[in-house]
Amino acid sequence: MVSDVVIVGAGIVGAACARALAVAGVRVTVLERGAAASGTSAKGEGNLLVSDKGPGPELDLAVYAASLWPDLVDELADELGPAFPSLEYERKGGLVVATTAAGAEPLRAFAASQRAAGVDARAIPNGTALELEPWLNPEITAAVHYPDDAQVQPVIATEALLASARNHGAAVRTGVEVTGAKRDASGRLIGLVTTAGDVPAGAVLLAAGPWSGETARALGAILPVRPRRGMVLVTTRMPHRVFHKVYDGDYFGATQSSDAALQTSSVVESTAAGTVLLGSSREQVGFDERLRVDVIREIATKALRLFPFLANASIMRAYGGFRPFMPDHLPVIGEDHRIAGLWHASGHEGAGIGLSLATAELLVAGMLGTAAPIDAAPFGLARASLAPYLEEAA
Amino acid sequence: MPARPVPAHRDPIRPGAATPIVISIDGDPVSGVEGQTIAGVVLATGRLAWRRTSVDGRPRGLFCGIGVCFDCIVTVNGERDVRACQRRAGDGDVVESQHDELPEAAR
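Residues numbered from 1 in each chain as written. Chains lettered and ligands numbered in written order. Predicted model: local features only at pLDDT ≥ 70, side-chain atom pairs only at ≥ 80, totals over all residues. Heavy atoms only, no water.

Per an unreviewed UniProt entry, the recorded name for chain B is Molibdopterin-dependent oxidoreductase YjgC, and the organism is Agromyces terreus.

An unreviewed UniProt entry lists chain A under the name Glycine/D-amino acid oxidase-like deaminating enzyme, from Agromyces terreus.

Student: Just give me the short version of the side chain of R19 of chain A, but keep the residues and values in it.
Tutor: Residue and element names in this part refer to chain A. On the secondary structure map, R19 appears in helix α1 (residues 12–23). For R19, a relative accessible area of 11% puts it in the buried group. Not counting residues up to four positions away in its chain, the partners in contact with R19 are L72, E75, L76, E79, L161, S164 and A165. (Helix = DSSP H or I, 4+ residues; strand = E, 2+ residues; numbered from the N terminus. Buried < 20%, exposed > 50% of the residue type's maximum accessible area, 1.4 Å probe, protein only. Contact = heavy atoms within 4.5 Å.)

Student: So what's going on with the sheet that holds strand β5 (residues 73–76) of chain B? Which residues, and what values?
Tutor: Residue and element names in this part refer to chain B. Spatial ordering of the open sheet is given by β2-β1-β7-β5-β6, a layout of five strands whose pairing is mixed. Of all the strands in the sheet, the pair left with one neighbour each is β2 (28–33) and β6 (79–83). Between one strand axis and the next, the sheet turns by 40° as a mean value, whatever way the strands run. Of the pairings in the sheet, the one linking strand β1 (residues 20–25) to β2 comprises six bridges and is antiparallel in character. Bridge pairing in β2 links I25 to D28. (Pairing = 2+ DSSP bridges. Axes fitted to C-alpha atoms, helices over the stretch in contact; angles between N-to-C directions.)

Student: Lay out the packing of α1 of chain A against helix α9 (residues 352–368) of chain A in plain terms, naming residues and giving numbers.
Tutor: Residue and element names in this part refer to chain A. Put simply, α1 and α9 touch, their axes get as near as 8 Å, and they point 40° apart. The angle between α1 and α9 falls in the class oblique. In terms of crossing hand, the pair formed by α1 and α9 is right-handed. Contacts from I12, V13, A16, C17, A20 and L21 of α1 reach α9 at G352, I353, S356, L357, T359, A360, E361, L363, V364 and M367. (Parallel < 35°, antiparallel > 145°, perpendicular 65-115°, else oblique. Left-handed = near helix turned anticlockwise from the far one by under 90°.)

Below is the structure:
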């Protein structure tokens with residue numbers, strides 16, 4: 001049983017864990033090198049997706065997370081009051097389409113496997129898809145509607161979770177970088193060395209997203225999380241012509257691939273402001289932030305396959321970020337089996353916004369020794385699929 | 001301080017004679033001088049907002065003034081989403097403010 005926790009990282013995963021632990025009565029301090037929600041949490045689309053996950057532990061976690069979001073949004077709104085901005089939670093639904101003859105059957109088979117796992121995945125006739133999205137390319141070859149896909153404004157959600165954590169006694173310290181570990185004679189982690197002095201800790205929770213690898217190294221542990229870069233294009237405002245999260249069925253293949261080379265897969269949605277977001281790309285190029293025209297061009301070209309009207313759209317800006325990539329495509333949630341006192345909550349790749357709440361519940365159960373809402377073993381650092389990477393890295 | 005053009009005789013860069021132009025803004029004729037942006041002409045009338053946001057209907061006008069924020073977009077001669085801060089006003093231009101309602105599904 002843990003009574004005080006220092007969380008490293010004030011992204012949405014750290015924020016969700018901070019709130020859940022603080023509500024449970026744990027003394028919580030959050031340390032953040034930059035500003036809250038300044039890393040991966042601010043660089044995506046705020047996706048809460050069940051549609052892009054095949055049957056398995058990550059889908060179980062996503063389905064559980066999807067069940068937590070509506071109540072959490074209401075609770076935070078009640079607690080923080082009308083002066084706090086809306087989390088912009090919207091259960092707008094996802095529409096996944098195939099754009100090639102060869103892609104139709106794999107998409108339908110994938111949806112069938114998700115239905116068997118309890119996901120509301122509705123294979124719909126192409127005509128019905130065009131009623132849902134009248135501006136969609138009529139040449140699609142298959143379509144699946146996922147009513148449970150949702151989105152949230154991730155920066156506001158992170159700040160709201162932190163505000164609630166503070167209301168429950170947590171301290172959030174930004175501009176503090178962790179540089180090393182304090183251990184007792186048995187090797188147990190008892191605190192952190194930081195740029196603002198030593199911080200004692202009953203337990204340390206590492207939630208630094210793609211930077212968790214280097215932070216773990218500073219603490220003397222190997223964690224095989226790597227940055228996987230992504231880019232999003234933003235159009236100028238326009239009348240609303242995209243009503244769901246619409247993506248090409250090859251997106252799942254891109255998320256599950258471990259290829260380091262550039263992969264793009266079309267994801268299109270509009271925001272309340274009237275802009276349209278065009279994604280997505282995946283490549284492993286370290287923490288290289290440079291804007292790349294070839295990536296932008298490929299994303300834009302593929303978006304036209306879904307929505308030909310975008311050919312006349314103007315791109316107002318582009319942004320990019322780094323997903324915390326795990327070699328076996330599962331987040332690490334739970335205690336480190338090598339260093340007593342160290343816990344992990346990272347490696348969610350592109351799904352961390354949605355999975356943050358479920359991650360926090362698993363962490364609380366692990367730290368307080370209460371019953372876990374779903375099986376936490378598949379997310380343990382000691383799982384078999386991760387063993388080769390822990391050895392290789394060591 | 002209201003937005004207004006500097007009278008030519010007090011302008012330290014001593015410009016040549018200004019060529020007057022007239023454009024219409026939401027049907028009203030408004031005078032300016034050649035070389036001004038549409039945003040400049042509109043601001044000189046004292047009007048600070050000419051668009052509303054889709055979600056809350058909040059007023060928007062010139063924010064960055066340098067073409068980055070896209071807050072000042074207007075319809076010019078039938079072409080929508082033109083940045084008022086980037087487009088030179090031409091004599092006879094027909095400028096209309098624009099507003100896009102949210103679709104029912106997104107409310």
